[in-house]
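The lines below spell out each chain.
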Amino acid sequence: MAKAKIAIYPGSFDPVTYGHIDIIKRAVGIFDKIIIAVGENSQKKYLFSLKERTMMLKEAVKGIGSVSIEHFSGLMIDFAEKKGAAAIIRGLRAVSDFEHEFQLALTNRRLNPKIETIFIMTRGKYCYLNSGIVKEIASLKGKVSDFVPKNVEKILKEKFNA
Ligand code: ADP
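Just so you know, these numbers come straight off a predicted model, no measurement behind them.

The complete set of buried residues in helix α6 (residues 150–159) reads N151, V152, E153 and L156. Next to the buried residues of α6 lie α2 (50–60) and α5 (131–139). Positive backbone phi, approximately 55°, marks N161, located one or two places after α6.

Per the stated rule, a full pass over the model turns up one cavity of 30 Å³ or more. Here the largest cavity defines a volume of roughly 30 Å³. Together, M76, I88, R90, E101, L104, A105, N108, T117 and F119 line the largest cavity. Put simply, the parts of the chain that give the lining of the largest cavity at least two residues each are β4 (87–92), α4 (95–111) and β5 (116–121).

Once that is clear, we can look at the site of the ligand. The environment of the ligand is made up of 16 residues, and the closest members are Y9, S12, K44, G91 and L129. In the complex, the protein chains occlude 89% of the 550 Å² of accessible area that the ligand would expose alone. Its atoms largely coinciding with the cavity grid, the ligand occupies the largest pocket. Of all the secondary structure elements, the ones that give two or more residues to the shell around the ligand are β1 (6–11), α1 (18–28) and β4. Taken together, the residues of the shell around the ligand break down into six nonpolar, six polar and four charged.

How each quantity is defined
- Residues numbered from 1 in each chain as written.
- Predicted model: local features only at pLDDT ≥ 70, side-chain atom pairs only at ≥ 80, totals over all residues.
- Heavy atoms only, no water.
- Buried < 20%, exposed > 50% of the residue type's maximum accessible area, 1.4 Å probe, protein only.
- Helix = DSSP H or I, 4+ residues; strand = E, 2+ residues; numbered from the N terminus.
- Contact = heavy atoms within 4.5 Å.
- 1 Å grid on protein atoms, 1.4 Å probe; cavity = no way out; pocket = protein on both sides within 12 Å on 5 of 7 lines; lining within 4 Å.
- Points joined across faces, edges and corners; volume = space filled by probe spheres on them.
- Near = heavy atom within 4 Å.
- Areas by Shrake-Rupley, 256 points an atom, 1.4 Å probe, with all protein chains shown as cover.
- Sits in = over half its atoms within 2 Å of the grid points.
- Nonpolar A, V, L, I, M, F, W, Y, C, P; charged D, E, K, R; others polar.

Structure follows, in structure tokens:
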């Protein structure tokens, strides 16, 4: 039997948005299994804890087949190797994503040439969307229902006492 093709989709998911979910759904059509890897990096400041980010994701990807959620705290490329991944999935939005993603992908290839980074282009309607803007809108008591699933909307409301 051929080996299952596994891909890692790493990110902060602080919180998960429809932009992330779209990338996950499209990656599922390409690979046998997607491992969503929730990052915990001491250098980064998150609004939500690792547990909260994972819980929100779990609910948001319910019903999408061949997806599991794990977390990592060290080098992402080492986590990918440990999981037997053939590829790392990243989403690309505007040109502004490119430089950072280019550097990340080339560095990861240098560290481990066996694992390929694959970019999935955002859908036009999500090209402006990131977790940061969602948090900003929610903190100002704005409506975020076009950007995040219901469960995330609810938790954002609780967080900002809206
Ligand atoms: P990170 O801290 O690793 O950038 P994010 O949760 O912000 O974590 O993003 C994880 C991945 O999802 C990145 O590859 C990012 O480009 C992608 N992504 C986030 N939002 C969108 C979107 N609206 N459309 C396409 N890709 C997206």
